[in-house]
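# Observations on the three-dimensional arrangement
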Amino acid sequence: MATHGTRGRSGGRPTLEEVAARAGVGRGTVSRVINGSPRVSDATRAAVEAAVAELGYVPNTAARALAANRTDAIALVVPEPETRFFAEPYFSDMLKGVGAELSDTEMQLLLIFAGSDRERQRLAQYLAAHRVDGVLLVSVHADDPLPDLLAQLEIPAVISGPRSAAETLTSVDSDNYGGARQAVEHMLSGGRTRIAHITGRLDVYGAQRRVDGYRDALRDAGHAADERLIEPGDFTEDGGCRAMTNLLARCPDLDAVFAGSDVMAAGARQALREAGRSIPGDVALVGYDDSAIARHMDPPLTSVRQPIEEMGRRMIDLLLAEIADRRPPASRGLERRQVVLATELVARASS
């Protein structure tokens, strides 16, 4: 009767050589079975797998990774303060999608914040040492040097949304332009004509595209965009509240607001209530993300749903494909992929 977890001859951890001896094959054959090579007969594979089970052999993944010049680690880099990461559902949903897609692999996920100059310098040193096989960059700003550093170091990378229309790295994003159009067209169909927009940070390309969609939807409906109705925000609740207060002071006749995130919409709602404006009676309110915040607001918030978890899964799929292709990027002769996922308007009581 075989005993699982048998000690090796030295009394320590069973070795590859001992598995080979037990199975009656060579060391190389055992290695091929463990690494999933198809160049092994079914009978030999069964003998090796039985020997592995009988001895309780555990492959040394660290040694395998070293031999393949791999770390079996991926970094999820967030160039934002930690406070924003934990305050916004966008990041937790992205992390959920990434984690779900990685769960069936041997890859470890490292979460790294790079919101300050000191953190960025430390990250640059860490990446230069090639301690990860690839990087996911989330919430990238136009002037962020990290994507160029990754390209210089030839580290596979995928970003959540391009920095511009001329992005050179692989990216995954939602249809920010189309989502903004959906929001504005929805409010126009409800008879609203003075529609304001609280933008995200305009050094983020996705926020720029939402402004473009807002303007074009108004223009196509015969309403020239009034620039006084556009107020910059920063994707925070406080930023949404400040922006809404400024809009009310400048354009008290506004009758609808499209906020560039659900978090900013929550701030806008606070400012509207403090000003005595009812939602949706006086002012219709629409957000973006369709996060849990939207469902739990009073009244429930109409929002543009972007498939954030799916974005995380697609980012991992693309990154693993780049990691598997070990050739230098310059020699691949392939264009970087720009994946754009569809959005959907979810209508609720706020509009």
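Residues numbered from 1 in each chain as written. Predicted model: local features only at pLDDT ≥ 70, side-chain atom pairs only at ≥ 80, totals over all residues. Heavy atoms only, no water.

The protein has the name LacI family transcriptional regulator in an unreviewed UniProt entry, where Streptomyces dysideae is given as its organism.

With that settled, consider the overall build of the protein. Secondary structure assignment for the protein yields 14 helices and twelve strands. In the protein, the share of contacts with a sequence separation of at least 24, taken over all contacts with a separation of at least 6, comes to 71%. Surface exposure of the protein reaches about 16,500 Å², of which carbon and sulfur atoms provide 50%. (Helix = DSSP H or I, 4+ residues; strand = E, 2+ residues; numbered from the N terminus. Contact = heavy atoms within 4.5 Å. Areas by Shrake-Rupley, 256 points an atom, 1.4 Å probe, with all protein chains shown as cover.)

A word on the nonpolar core. With 43 residues, the main nonpolar core has Ile195, Ile198, Met244, Leu254, Val257 and Leu285 as its most contacted residues. Where this core is concerned, the elements lending two or more residues are α9 (176-189), β6 (195-199), α10 (205-220), α11 (237-250), β8 (256-259), α12 (262-274) and β9 (284-289). Beyond its immediate sequence surroundings of up to four residues, Ile195 is in contact with Val184, Met187, Leu188, Tyr214, Leu218, Leu229, Asp255 and Ala256. Residues Leu76, Val98, Met107 and Leu341 belong to the second largest nonpolar core, which totals 24 residues. (Core = buried A, V, L, I, M, F, W, Y, C linked by side-chain atoms within 4.5 Å. Buried < 20%, exposed > 50% of the residue type's maximum accessible area, 1.4 Å probe, protein only.)

A few words now on the sheet that holds strand β11 (residues 338-341). The strand order across the open sheet built from six strands is β2-β1-β3-β4-β5-β11, with neighbouring strands paired in parallel fashion. The outermost strands of the open sheet, each flanked by one partner alone, are β2 (108-113) and β11. Averaged over all pairs of adjacent strands, the angle between strand axes in this sheet comes to 20°, irrespective of strand direction. Both strand β3 (residues 134-137) and strand β4 (residues 157-159) contribute to a ladder of three bridges, which runs parallel. Looking across to β4, one finds that Leu136 is bridged to Val158. Against the sheet, helix α7 (residues 117-128) makes contact with β1 (73-78), β2 and β3, and its axis sits at roughly 150° relative to β2, the strand it touches most. (Pairing = 2+ DSSP bridges. Axes fitted to C-alpha atoms, helices over the stretch in contact; angles between N-to-C directions.)

Quick look at the environment of Ala349 now. One can find Ala349 in the segment after β12 (344-346). Assessed through its relative accessible area of 42%, Ala349 is described here as partly exposed. For the pair Ala349 and Thr302, spaced 47 residues apart in the sequence, the C-alpha separation amounts to 6.7 Å. Those residues in contact with Ala349, other than ones at most four positions away along the chain, are Pro280, Pro299 and Pro300.

When you tally the buried positions in β6, you get five out of five residues, the bulk of the element. Neither face of β6 is left uncovered, since the one carrying Ile195, His197 and Thr199 and the one carrying Ala196 and Ile198 both have all their residues buried. In the sheet, β6 pairs with β8 via four bridges, with the strands oriented parallel. Looking at the pairing, Ile195 lines up with Ala256 of β8. Judged from the three bridges that link them, β6 and strand β7 (residues 230-232) form a sheet pairing that is parallel. Residue pairing in the sheet places His197 in a bridge with Ile230 of β7.

Moving on, we come to the side chain of Arg84. Structurally, Arg84 is set in helix α5 (residues 82-87). Reaching out from Arg84, the side chain makes a polar contact with the side chain of Glu80 at a distance of 2.7 Å. Contacts of Arg84, omitting those with residues within four sequence positions, involve Phe91, Ser139 and Phe235. (Polar contact = N/O pair within 3.5 Å; in protein donor to acceptor, adjacent residues only side chain to side chain.)

This part is about the packing of helix α2 (residues 27-34) against helix α3 (residues 42-55). For any two helices packed against each other, the geometry is given by the interaxial angle and the distance between the axes. Packing of α2 against α3 brings their axes to within 10 Å, and their N-to-C directions diverge by 90°. Of the possible angle classes, the one that applies to α2 and α3 is roughly perpendicular. Side by side, α2 and α3 meet where Thr29, Val30 and Val33 of the first sit next to Thr44, Arg45, Val48 and Glu49 of the second. Tallied by class, the residues present in the contact of α2 with α3 amount to three nonpolar, two polar and two charged. (Parallel < 35°, antiparallel > 145°, perpendicular 65-115°, else oblique. Nonpolar A, V, L, I, M, F, W, Y, C, P; charged D, E, K, R; others polar.)

With that settled, the discussion passes to the confidence of the model for the protein. Mean pLDDT over the protein stands at 88; residues scoring 70 or higher make up 89%. Scored below 50 in pLDDT, residues 1-10 makes 16 contacts in the model with residues more than four places away or belonging to other chains. (pLDDT = per-residue confidence, 0-100.)

Applying the stated criterion across every chain yields a total of six aromatic pairs. Note on Phe85 and Phe113: the rings are 5.2 Å apart at their centroids and 80° apart in plane angle, and the pair reads as edge-to-face. Here Phe113 lies in strand β2 and Phe85 lies in helix α5, a separation of 28 residues in the sequence. The residues Phe85 and Phe113 share a single accessibility class, namely buried. A ring pair is formed by Tyr90 and Phe91, whose centres lie 5.4 Å apart and whose planes are at 85°; its orientation type is edge-to-face. By relative accessible area, Phe91 is classed as buried at 2%. One aromatic cluster is present, built from ring pairs that chain together Phe85, Phe86, Tyr90, Phe91 and Phe113. Arg210 extends its terminal NZ or CZ atom over the ring of Tyr288, reaching a point 3.7 Å from the ring centre. (Phe/Tyr/Trp six-rings, centres within 6.5 Å; stacked < 30°, edge-to-face > 60°. Lys NZ or Arg CZ within 6 Å of the ring centre and 35° of its normal.)

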